Amino acid sequence: MREQELMQELTTIVEQRNAIVNCLDEDRQREEEEDKMLETMIKNKDFHKEGDSEPKKKGKFKPMKVFKLLGSGGKAEGKSRSPKDKSKPVKSSPSQ
């Protein structure tokens with residue numbers, strides 16, 4: 001009688017263990033599928049982001065153009081030069 005109870009208890013424990021192992025295996029498979037889906041989504045998003053970024057490029061802010069538009073010419077005491085004038089040597093004015 002005691003052997004039969006122990007065998008029944010052992011059978012119950014083995015069935016519970018099998019159920020736990022099956023749940024863990026299902027969780028693992030679901031997580032692998034989710035990881036693959038997320039990886040695909042990230043790749044697609046990066047692809048679209050790279051494709052969209054090129055047309056959205058804006059020009060550099062050029063303060064010299066702003067100064068010219070405001071009428072100051074962008075020159076402070078004749079020392080500043082525009083990018084076109086960089087090839088010309090700078091002439092210093094007499095300090096006195």
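For the structure itself, consult the block above.
Each chain has its residues counted from 1, following the order in which its sequence is written. Local features in this predicted model are restricted to residues whose pLDDT is 70 or higher, and side-chain atom pairs enter the listing and the counts only when it is 80 or higher, whereas totals over whole chains, interfaces and linings include all residues. Heavy atoms throughout the structure, all of them, feed into the side-chain values; hydrogens and water do not.

Novice: Can you walk me through the overall build of the chain in this structure?
Specialist: Helix and strand labels come from DSSP, where a helix needs a run of H or I of at least four residues and a strand needs a run of E of at least two; each type is numbered from the N terminus. When you go through the chain residue by residue, the secondary structure sums to two helices and zero strands. Relative accessibility decides the category of a residue: with a 1.4 Å probe and only protein chains considered, values under 20% of the type maximum give buried, values over 50% give exposed, and everything between is partly exposed. Within the span of the chain, comprising 96 residues, buried residues form 2% of the whole.

Novice: It is not clear to me how a negative patch on the surface should be interpreted in this structure. Could you clarify?
Specialist: A cluster of acidic residues, Glu 31, Glu 33, Glu 34 and Asp 35, forms a negative patch at the surface. Examined against the element boundaries, Asp 35 turns out to sit in helix 1 (residues 2-53). Like charges within 9 Å and nonpolar side chains (Val, Leu, Ile, Met, Phe, Trp, Tyr) within 5 Å are joined into patches, using only residues over 30% in relative accessible area that form no salt bridge. Note that accessible areas follow from Shrake-Rupley with a 1.4 Å probe, and for residues the cover is restricted to the protein chains shown. Any Lys or Arg side-chain nitrogen located within 4 Å of an Asp or Glu carboxyl oxygen qualifies as a salt bridge. Under this rule, positive means Lys or Arg and negative means Asp or Glu; His and the chain ends count for nothing. A single reference atom marks each charge: NZ on Lys, CZ on Arg, CG on Asp, CD on Glu.

Novice: When you look at the pattern of salt bridges in this model, what are you seeing that I'm missing?
Specialist: Side chains that differ in charge, positive against negative, can pair when their charged atoms come close. If you walk through the whole model with that rule in mind, you get five salt bridges. Note that Arg 28 is salt-bridged to Asp 25, the shortest N-O span being 2.6 Å. Remark: Asp 25 and Arg 28 occur in helix 1; sequence separation between them is three residues, near one turn of the helix. Exposure remark for Arg 28: the relative accessible area of 40% places this residue in the partly exposed category. Through salt bridges with shared partners, one network takes in Asp 25, Arg 28 and Glu 32.

Novice: Is there a simple way to think about a positive patch on the surface in this case?
Specialist: A cluster of basic residues, Lys 60, Lys 62, Lys 65 and Lys 68, forms a positive patch on the protein surface. Note on placement: Lys 62 falls in the loop between helix 1 and helix 2 (63-70).

Novice: Looking at this structure, how should I read a nonpolar patch on the surface?
Specialist: Taken together, the side chains of Phe 61, Val 66, Phe 67 and Leu 70 make up a nonpolar region of the molecular surface, amounting to roughly 440 Å² of accessible area. Here Phe 67 shows up in helix 2.

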